[in-house]
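# Working through the structure, step by step
Each chain, written out:
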Amino acid sequence: MPLSAEYSSRRQTLLPGFAEHKIDGLLVTSLANIRYLTGFTGSHGALYLAPGKAILFTDPRYTLQASQETTCDVRILTGSLFPGIVKALHRLKPGQLGFEKSQMPYFAWDYLTRESKSRYTLVPVDSLVETQRMVKSEAEIALIRESVNLNSQAFDRALKRFKPGMRESDLAAEIDYQMRRLGASSTAFETIVATGAHSALPHARPGETRIETNQLLLIDMGATRQGYTSDMTRTVFTGKAAPVWRKRYQAVLEAQQASIATIRDGARTVKVDAAGRQVLKGYGLDKQFTHSTGHGLGLEIHEAPRLGKRDKNVLRAGMVVTVEPGIYLEGQGGIRIEDTVLVTASGCEILTPTSKELTVV
Ligand code: ZN
Ligand code: ZN
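Described in the following lines is the structure provided in the data block. From a predicted model like this one, the values you see are computed outputs, not experimental measurements.

Quick notes on the rules
- Residues numbered from 1 in each chain as written.
- Chains lettered and ligands numbered in written order.
- Predicted model: local features only at pLDDT ≥ 70, side-chain atom pairs only at ≥ 80, totals over all residues.
- Heavy atoms only, no water.
- Donors = N, O, S within 2.8 Å, 3.2 Å for Na, K, Ca; no water.
- Tetrahedral: all angles 85-135°; square planar, octahedral: opposite > 155°, others 65-115°.
- Helix = DSSP H or I, 4+ residues; strand = E, 2+ residues; numbered from the N terminus.
- Buried < 20%, exposed > 50% of the residue type's maximum accessible area, 1.4 Å probe, protein only.

### Topic: the coordination of the zinc ion (ligand 2)
All of the protein donors around the zinc ion (ligand 2) are Asp-231 (OD), His-295 (NE2), Glu-324 (OE) and Glu-338 (OE); their distances to the metal are 2.1 to 2.2 Å. Note that the zinc ion (ligand 2) binds 4 donor atoms; their angles at the metal cover 78 to 154°, and the shape is irregular. If you list the donors of the zinc ion (ligand 2) from N- to C-terminus, the spacing comes out as D-x63-H-x28-E-x13-E. In this structure, the zinc ion (ligand 2) is positioned 3.2 Å from the zinc ion (ligand 1), and both are ligated by Asp-231. Taken together, the positions of Glu-324 in the loop between β15 (320–323) and β16 (326–329) and Glu-338 in the loop between β17 (333–336) and β18 (339–343) put the pair 14 residues apart, joining distant regions of the chain. The same class applies to Glu-324 as to Glu-338, namely buried.

Have a look at this one:
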């Protein structure tokens, strides 16, 4: 099914969840969820869903775009959307009205509550659309593949242009530029380029530091293409790698491979996480692995499921997740290796084509 035909079937798939959550209608305010359910890519909107009804509320900037992108009933409102939404709700009388509790701003909840006039009761709903988004369709997987391939190509091109003495921010700019040249609409998150001791900060910001020879160089990058994201981390060496760091690199690589080896339809995410931690423990490096093993991605760079120590998720074929163990030694440096992986019935497919062999640039 082409992506354009999927939106209405996604909305249909969502409906059985209404009974489960004891709601008659749902007000969707997450833009990613709105895009998933309608195809609308604007930056301002809300979606009302009920059996047989899909109404997209947005503002006059999107009059044309909304009618082109969606088959929903489009209502254009000026100013804040919520007074217009309340008016519509008074007519629709949705009864038990679900709202996304982690997505709706407090002022909107407060306003909708005060103005309900007993035509509806707000019911907080958690992750209804997000749960459905975890398993990707063929069309979505195709877009993620494009994003992943583009990201890896941008990595190759940028590394070819690397010269010792460049600032972290120079290399980050080169990466971002190459992504855009290759067709990304944007980066999926702020590109991380961290050298030397900076690489010990899992989310370092590229700065003025010059990337010298014989240093660690950690690059974490992702592209957004047609709404779909990719995510990859590689740690390379600029010149000679000290034996102790070679060994640490080997440890992280083995940990990543051990986690990947557990991925299949039906695998529990705690097991995926534990497999990598176990390998690092063997190297005495498990205490240096300070974050979770990975996360789902798709329309957003971080989405369900999470793959961490305490996450009770089960992987299903069609989910796309990252596997990204890392170790961080304060004041010295860090290593992380991250791929984007597609869960299949019998195992998984590593979508990221970039080599993970220890690389010297
Ligand atoms: Zn990443
Ligand atoms: Zn990631």
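Having seen the structure, we can now continue with the description.
### Comments concerning the coordination of the zinc ion (ligand 1)
Angles between donor atoms at a metal ideally measure 109.5 degrees for a four-coordinate tetrahedral arrangement and either 90 or 180 degrees for a six-coordinate octahedral one. For the zinc ion (ligand 1), every protein donor is listed as Asp-220 (OD), Asp-220 (OD), Asp-231 (OD) and Glu-338 (OE), and the spread of their distances is 2.1 to 2.5 Å. Coordination geometry of the zinc ion (ligand 1): the 4 donor atoms subtend angles of 56 to 148° at the metal centre, consistent with an arrangement described as irregular. In the primary sequence, the donor residues of the zinc ion (ligand 1) line up as D-x10-D-x106-E.

### Observations regarding the environment of Ile-192
Considering the arrangement of structural elements, one finds Ile-192 in strand β8 (residues 192–195). Given the relative accessible area of 4%, Ile-192 is considered buried.

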